[in-house]
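Here is what each chain is made of, one letter per residue.
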Amino acid sequence: MQFSSTSDKVTIAGSEVTILKAGSVTIKADQPGDANYHPAPTVEQVFCIEPAKPALHVTGEGTASVLLNSSSDSGNQWFLDGVAIPNAINPILIPPANGVYKVRVNIDGCISEFSDELDFCFKPATPVITLTGEDTDNIVLTSSSASGNQWFLNDTAIPNATARTLNATSAGVYKVQVTIDGCVSEFSSDLSLITTGNYETPFAQPISFYPNPAADKLTIVIPDNTGSQVTIYNVSGKRMIN
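So, here's what we can say about the structure. Throughout, a residue's number is its position along its own chain's written sequence, starting from 1. Residue-level local features of this predicted model are given only where pLDDT is at least 70; pairs of side-chain atoms are given and counted only at 80 or more, and the full residue set underlies all totals for whole chains, interfaces and linings. As a rule here, side-chain values come from all non-hydrogen atoms in the structure, and water together with hydrogens is ignored.

The number of helices and strands found in the protein chain is 0 helices and 25 strands. Here the protein chain has a C-alpha radius of gyration of 36 Å; the compact-globule value for 242 residues is 18 Å, and the former is much larger. Oriented by its inertia axes, the alpha-carbon framework of the protein chain measures out at about 130 × 40 × 20 Å. Looking at the protein chain as a whole, 26% of its 242 residues are labelled buried. Of the contacts formed within the protein chain by residues at least 6 apart in sequence, a portion of 39% connects residues at least 24 apart. Strands are runs of DSSP state E lasting at least 2 residues, helices are runs of H or I lasting at least 4, and numbering of each runs from the N terminus. Using C-alpha atoms as the atom set, the radius of gyration is obtained and then compared with a globule rule of 2.2 Å times the number of residues to the power 0.38. Three labels apply to residues, based on accessible area from a 1.4 Å probe with only protein chains included: buried if under 20% of the type maximum, exposed if over 50%, partly exposed otherwise in between. For this analysis, residues touch if any pair of their heavy atoms sits within 4.5 Å.

Right, dumping it as C-alpha cells:
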C-alpha cells in the first residue's frame, strides 16, 4: 500500500502522516499489482485539519484608534452580538459599535472554535476640569464632556451632580467621570479647592501661630479669646483639627 498527497498541509512518510497546518487535505492510497494480482483502484480520503481557536485582544483602548485583533492571519470571520459582520474577514477589525465580539477561522471549509467573547465599550475620553470664578464667591467647575458627567467630592459621588458645570460651594477635592451608553471613562485629574475669605476680625490684635512650618505641635494665640473655635484644613481642603 502506498500513500500520497499533493497538499502542503501534511507530509507523508510510509504510513505516517505529519500535520503541518490547518485546512482540507486529500490523501490517496494505491495498491500496485504484481505477477499474481491486478493493481487495486486508487482510493481517496478527504479530511479537515481544524484551525486553532483564535485569540482576541484589543489595542488602542481609550483612544480614537481602537482595534480588535485576531491571532489568525487569515480565514477570519468576526461576529457582533452573535451575528456575522458582513465583509469582516481581516485579522484586524475596527469595531463598529458597542457589544459582544468574537471571531472564528475558516480555512478550506475547516472551521475553528469561536474565540473567547469580548464585551467591548467605546470608553469616553478622560474629562478635563476647567475652573472659573477663582477668588470669588461663585466658583464654577466645567467638564470638557458635554454629557454623561458625574461629579465627585472627596471620592464620593455628589447626588444629582450630572450637569456639565458644577457650582463648587465646599472645600475639598473634586473630580468628574463620564458614562455614555454604559461605557465609563477614566476619572479626571483631581482638583483641590480651598475656600478662603476676607472678613472683619473681632480681635484688637492679630491672631498668631507658631512654629511655621509645624511638625507635630502648633500653638495658636488668639487675643482676648472668649471661646473662639479654630478649624484647621490641609492643602487638599480636608479638615484635620476642629
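To continue, consider the sheet that holds strand 5 (residues 40-49). In this analysis, strands are considered paired if DSSP registers two or more bridges between them. The sheet built from 3 strands is open, its strands ordered 1-4-5 with antiparallel pairing. Where the open sheet ends on each side, the last strands, each with one partner, are strand 1 (2-4) and strand 5. Each strand of the sheet is rotated relative to its neighbour by a mean of 25 degrees, with strand direction disregarded. Bridge count for strand 4 (residues 23-31) against strand 5 is 8 bridges, and the pairing is antiparallel. Geometry is summarised by axes, namely lines fitted to C-alpha atoms with helices restricted to the contacting stretch, and by angles between N-to-C directions that run from 0 to 180 degrees.

Moving on, we get to the pairing of strand 4. Note: strand 1 against strand 4, 3 bridges, orientation antiparallel. Considered in strand 4, the bridge of F3 is made with A29.

In this scheme Phe, Tyr and Trp rings, the latter by its six-membered ring, pair at centre separations within 6.5 Å, and the angle between planes marks the pair as stacked below 30 degrees, edge-to-face above 60, and tilted otherwise. Evaluation of the coordinates by the stated rule reveals 4 aromatic pairs. Judged by centre distance (5.0 Å) and plane angle (85 degrees), the ring pair of F79 and F114 falls under edge-to-face. With F79 in strand 8 (residues 76-80) and F114 in the loop between strand 12 (110-111) and strand 13 (118-120), the pair connects residues that are 35 residues apart, well separated along the chain. When the ring of F120 is compared with that of F122, the centres are 4.9 Å apart and the planes differ by 80 degrees; the resulting orientation is edge-to-face. Given the relative accessible area of 3%, F120 is considered buried. Judged by relative accessible area, F122 falls into the partly exposed class, the value being 35%. A network of ring pairs unites the aromatic residues Y101, F120 and F122 as a single cluster. Geometrically, a charge over a ring is one whose NZ (Lys) or CZ (Arg) sits within 6 Å of the ring centre while staying within 35 degrees of the ring normal. The ring of F114 carries the charged tip of K102 above its face, separated from the ring centre by 4.0 Å. Its guanidinium or amino end placed over the ring of F187, K175 lies 4.1 Å from that ring's centre, counting from NZ or CZ.

Here we take up the state of the cysteines. By disulfide we mean two sulfur atoms from cysteines, separated by a distance within 2.5 Å. This model, assessed by the stated rule, comprises 2 disulfides. Each disulfide pairs two cysteine sulfurs, and for C48 the partner residue is C110, the sulfurs being separated by 2.0 Å. Between C48 and C110, the S-S dihedral sits near -85 degrees, and the bridge is therefore left-handed. Note that C48 is positioned in strand 5 and C110 in strand 12, a separation of 62 residues in sequence. The class for C48 is partly exposed, based on a relative accessible area of 42%. Note on C110: relative accessible area 1%, which makes it buried.

Side chains that carry opposite charge are capable of pairing whenever their charged atoms lie near each other. Throughout this description, the term salt bridge denotes a Lys or Arg side-chain nitrogen within 4 Å of a carboxyl oxygen of Asp or Glu. Applying the stated rule across the entire model yields 7 salt bridges. Note that E44 and K28 form a salt bridge whose closest N and O atoms lie 3.9 Å from each other. On the criterion of sequence distance, the pair formed by E44 in strand 5 and K28 in strand 4 is long-range, its members being 16 residues apart. Residue E44 is classed as partly exposed on the basis of its relative accessible area of 48%. Assessed through its relative accessible area of 34%, K28 is described here as partly exposed.

Attention now moves to unusual backbone geometry. Of note, N154 is a non-glycine position whose phi angle comes to about 55 degrees, a positive value. Residue position: N154 is located in the loop between strand 16 (149-153) and strand 17 (156-157). The phi angle at D155 is positive, at roughly 70 degrees, despite the residue not being glycine. Here D155 lies in the loop between strand 16 and strand 17.

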